[in-house]
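So the chains spell out like this:
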Amino acid sequence: MKFTFAASPSSPDAIAFAVGKDELDNATLSLEQADMVRAAAKAARFEGKTGQTFQTFVTEAKSVVQVILTGIGKGERSDCEAAGGAVVAKLLTSGVKHLAIDNSGLDQDQLARLLFGAKLRSWRIDKYRTTMPEQNKPTLVEITVMDTGMESAEVWQDLSAVADGVALTRELVSEPANVIYPESFVERCKELEDMGVEFTVLGQEEMEKLGMGALLGVSQGSVRPPRLLAMRWDGTNGAQKKPLALVGKGVTFDTGGISLKPPAGMEDMKWDMGGAGAVAGTMKALAGRKARVHVVGVCGLVENMPDGNAQRPGDVVKSMSGQTIEVINTDAEGRLVLCDALHWTQETFEPEVVVNLATLTGAIIVSLGNEHAGCFSNDDDLSDNLLAAGKTAGDPLWRFPLSAAYDKQINSPIADMKNVGGKGAGSITAAQFLKRFIKDGVKWAHLDIAGMAWADKPGPVWDKGATGFGVRLLDQYVADHFEK
Ligand code: BES
Ligand code: MN
Ligand code: ZN
C-alpha cells in the first residue's frame, strides 16, 4: 500500500470519513451531498460504533465517488486503529484503487492511529496464487491522506515503522516450511543489517563447541542445519549498558519428531517459529523507528523431524548450562531449543531483562483460547509492565503462576529434569522448565503465544492468518520503559 499526502487528492475512487459514536449529526462531511449521506447512514442504522462502516455513492464535481463512513466509537487509540482497518477490509478487493482519507474531526494522533490500522490491515500474501480470479485480486493500491502535515509527523513515521515490523513477522510466519527454514529465516532478516542492526549467526559446529546439546538434539533429525541468530540494536549510543533481550522459539516446522503429531492440522506447525518471527519483527520495528533502547533479539532456529538420526524418547541430552534433560516426548521440543538459546543469551549479552516468546504449548490454547497469550514471570513489575503494554497495544496477555509445586513435576529419575510434566498444567510446567535456565537476578518473562500467532478469522487489524502478535506489545513495552 502506498500512502501519499495531499490536501485535495486528485480523483480518488473513494473518500473515507471518521465518525464518532452518535456523532453523525455533528460530523464534518465536506461533500456536496453531505445531508443526503447523513440521512442514508442514519437510515442504515450507522451509529459510528467502532469498526462499523457505511458505504454509499455520491456525485462530487460531476463525477461519481464512493463515500465510506467509518466508526471510531469513543475515539480512543484502538478505536481509530480498528476504523482504519475496517475501511481497508471493505475496500481492499472492492475495485477501488485510490482512497482518500479526510482528517476532519481527528487530531494528529487519532489520524496516525487510523492510518496505522489501515496499513496493518492491508498486509496479505498472494505470491503463491497464480490463478486468482480478477474479482478476488486486491485493487486498493494508494491511500491519500488529506493532511499534508502528517507525512513528516513523527507519530506516523514511528507507527509506519512498527507496521513494517509486523509485516516482517507475518511474512516469516506465513511462509511455508519448504521456504522458511533456519538458514532462509536468517537470510530474510538480513535486510535489518542495512538499518544498523548487528548480526551474529552461529552454525551447527559453533553450537556443538558451546555444548548446546538440547537445541541440537531437536535439530538432529532434520537435513536442514540449525542456526542461532542474534540481532543487536543500540539506539542509546552505549548509554544503556545492559541490553533488553528478546528470545524467540524458531521451530520452522514441528512434526513432533519421533513422538509424531497426528496429521490433522499438522500444516499449522509451519508457524511454530512465531516467537522468533515476533522477535525479528520487533527488531525491525525498533530499528526502523530508531528507538532509544539497547536490545538484542535472539532466535533459536531448528526443524523438528522424525528420521533415522532423530532423537528418541528417553534420550538424555546435556544443555549448554550443564544441566541434563531426559527427553520424554520429542514433541516438547520448544523448551529444548529455548533453554540453550536463553542460556547463551545471558552468557553473551548479560541482559537485565529477558523476555522470551514461543508457540510453546497447546495447553495455553485450552486455557486462554485465541484471546490472550500466557505470561509467566519471576518478577511482578516486569509482568505488570508487559500486561499493561499488551493491553495498550492490542496484544493482550494474561498472567499465569509459577511455583515449586509445579516445578517438581519435571524432576527426572535419571537426569536433572525431564522435558514434560504430568497431565495437568502443561503450560506452567513448560514455563518451570525454562525458569531452570534463568540466572539469579535476571528479570525474566515467558510469553506463550501458541493461541495468538495465527488467526482463523479476521481481526480488527489483520486478516485471517498470521497476526504478527508480539511486535506491537514489545514496541510499546520499550516505548514505556526504556525511552521515557
Ligand atoms: N508447537 C507445539 C505447541 C503448539 C500447539 C503450538 C498448537 C501451536 C498450536 C509444541 O511444540 C508442542 O508440541 N507441545 C506439546 C507439548 C506436550 C508434548 C507436552 C503440546 O502442546 O501438545
Ligand atoms: Mn512440539
Ligand atoms: Zn513446537
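Residues numbered from 1 in each chain as written. Chains lettered and ligands numbered in written order. Predicted model: local features only at pLDDT ≥ 70, side-chain atom pairs only at ≥ 80, totals over all residues. Heavy atoms only, no water.

**Q** Before we go on, may I ask you to explain the site of ligand 1 in this structure?
**A** Around ligand 1 sit 17 residues, and of these Lys261, Asp272, Asp331, Glu333 and Gly362 come closest. Between ligand 1 and lysine 261, the relevant distance is 2.8 Å, taken from an oxygen atom to a side-chain nitrogen or oxygen of the residue. Glycine 362 places a polar main-chain atom, nitrogen or oxygen, 2.7 Å from an oxygen atom of ligand 1. In the complex, the protein chains occlude 77% of the 520 Å² of accessible area that ligand 1 would expose alone. For the shell around ligand 1, a count of residues per class yields 6 nonpolar, 4 polar and 7 charged. (Near = heavy atom within 4 Å. Polar contact = N/O pair within 3.5 Å; in protein donor to acceptor, adjacent residues only side chain to side chain. Areas by Shrake-Rupley, 256 points an atom, 1.4 Å probe, with all protein chains shown as cover. Nonpolar A, V, L, I, M, F, W, Y, C, P; charged D, E, K, R; others polar.)

**Q** Sorry if this is basic, but what is going on with empty space enclosed by the protein here?
**A** Rolling a probe over the atoms, with the probe sized like a water molecule, indicates the empty space that remains. Inspection of the entire model under this criterion finds 1 cavity of 30 Å³ or more. As a volume, the largest cavity reaches approximately 40 Å³. If you trace the largest cavity, you find it lined by Gly217, Val218, Gly221, Gly257, Ile258, Asn304, Met305, Ala310, Gln311 and Thr330. (1 Å grid on protein atoms, 1.4 Å probe; cavity = no way out; pocket = protein on both sides within 12 Å on 5 of 7 lines; lining within 4 Å. Points joined across faces, edges and corners; volume = space filled by probe spheres on them.)

**Q** I would appreciate a short explanation of the coordination of the zinc ion (ligand 3) in the present structure.
**A** Under perfect tetrahedral coordination by four donors, a metal shows angles of 109.5 degrees; under perfect octahedral coordination by six donors, it shows angles of 90 or 180 degrees. Summarising the metal site, the zinc ion (ligand 3) is bound by the protein donors Lys249 (NZ), Asp254 (OD), Asp272 (OD) and Glu333 (OE), whose distances to it range over 2.0 to 2.4 Å. Angles of 78 to 175° at the metal separate the 6 donor atoms of the zinc ion (ligand 3), which places the site in the octahedral class. Written as a sequence motif, the donor arrangement for the zinc ion (ligand 3) is K-x4-D-x17-D-x60-E. Here the zinc ion (ligand 3) and the manganese ion (ligand 2) are spaced 3.1 Å apart, linked through aspartate 254, which binds each one. Taken together, the residues span a long stretch of sequence, with aspartate 254 in strand β9 (residues 244-254) and glutamate 333 in the loop between β12 (324-326) and α9 (334-349) at a distance of 79 residues. Residue aspartate 254 is classed as buried on the basis of its relative accessible area of 2%. Here glutamate 333 falls in the buried class, since its relative accessible area comes to 0%. (Donors = N, O, S within 2.8 Å, 3.2 Å for Na, K, Ca; no water. Tetrahedral: all angles 85-135°; square planar, octahedral: opposite > 155°, others 65-115°. Helix = DSSP H or I, 4+ residues; strand = E, 2+ residues; numbered from the N terminus. Buried < 20%, exposed > 50% of the residue type's maximum accessible area, 1.4 Å probe, protein only.)

**Q** Please explain the sheet that holds strand β16 (residues 417-418) as it appears in this structure.
**A** The strand order β11-β12-β16 describes an open sheet built from 3 strands, whose pairing is mixed. The outermost strands of the open sheet, each flanked by one partner alone, are β11 (316-318) and β16. Sheet topology note: the β12/β16 ladder contains 2 bridges and is parallel. Note on β16: the bridge partner recorded for glutamate 326 is lysine 418. (Pairing = 2+ DSSP bridges.)

**Q** Hey, could you run me through the nonpolar core in this one?
**A** Counting 50 residues, the largest nonpolar core has Phe185, Leu229, Met231, Val355 and Leu447 as the members making the most contacts within it. Residue contributions to this core peak at 7 residues, all from helix α8 (residues 274-288). When neighbours within four sequence positions are excluded, phenylalanine 185 is seen to be in contact with Leu172, Ile180, Leu229, Met273, Ala276, Gly277, Ala280, Cys299 and Leu301. (Core = buried A, V, L, I, M, F, W, Y, C linked by side-chain atoms within 4.5 Å. Contact = heavy atoms within 4.5 Å.)

**Q** Just to check I follow, could you spell out the side chain of threonine 139 for this structure?
**A** For threonine 139, the location among the structural elements is in the loop between α3 (108-121) and β6 (142-145). Excluding residues that lie within four positions of it along the chain, threonine 139 makes contacts with Leu91, Leu92, Thr93, Ser94, Gly95, Val96 and Lys97.

**Q** Please explain the packing of aromatic side chains as it appears in this structure.
**A** One pass over the full model with this rule turns up 6 aromatic pairs. Relative to phenylalanine 349, the ring of tryptophan 344 lies with its centre 5.7 Å away and its plane at 85°, an arrangement referred to as edge-to-face. Between tyrosine 477 and phenylalanine 482, the aromatic rings sit 5.6 Å apart at their centres with planes inclined by 80°, giving edge-to-face as the arrangement. A relative accessible area of 23% means that phenylalanine 482 is categorised as partly exposed. Against the face of tyrosine 181 rests arginine 224, its NZ or CZ located 3.9 Å from the ring centre. (Phe/Tyr/Trp six-rings, centres within 6.5 Å; stacked < 30°, edge-to-face > 60°. Lys NZ or Arg CZ within 6 Å of the ring centre and 35° of its normal.)

**Q** Any chance you could explain the coordination of the manganese ion (ligand 2) here in plain terms?
**A** The protein atoms donating to the manganese ion (ligand 2) are Asp254 (OD), Asp331 (O), Asp331 (OD) and Glu333 (OE), with metal-donor distances spanning 2.1 to 2.2 Å. Each of the 6 donor atoms around the manganese ion (ligand 2) contributes to a set of angles spanning 71 to 166°, which defines the coordination as irregular. Spacing between the donor residues of the manganese ion (ligand 2) along their common chain follows D-x76-D-x1-E.

**Q** Help me understand α9 in this model?
**A** Residues separated by three or four positions in an α-helix point in the same direction, a consequence of the helix having 3.6 residues per turn. Taking 1.5 Å as the rise per residue, α9 with 16 residues should run 22 Å; its terminal C-alpha atoms sit 22 Å apart, in good agreement. Counted residue by residue, α9 has 14 buried out of 16 residues, so it is predominantly covered. The positive-phi residue at the C-terminal boundary of α9 is glutamate 350, with phi of around 45°. (Expected span 1.5 Å × (residues − 1).)

**Q** Explain the domain arrangement of the protein chain to me, please; I cannot follow it from the model alone.
**A** Often the size quoted for an interface is simply the accessible area lost on bringing the parts together. Each assigned domain of the protein chain is listed with its residue range as follows: domain 1 (2-151) and domain 2 (158-481). Taken together, the contact between domain 1 and domain 2 spans 16 residues of the former and 24 residues of the latter. At the boundary of domain 1 with domain 2, total buried surface from both sides reaches about 1,600 Å², with 59% on carbon and sulfur atoms. Considering only the surface of domain 1 that becomes buried against domain 2, Leu120, Arg121 and Trp123 emerge as the three largest contributors, covering 38% of it. Counting the contacts that link domain 1 with domain 2 gives 3 salt bridges. (Domains from an automatic or database assignment. Buried area = accessible area lost by both parts, 1.4 Å probe. Salt bridge = Lys/Arg side-chain N within 4 Å of Asp/Glu carboxyl O.)

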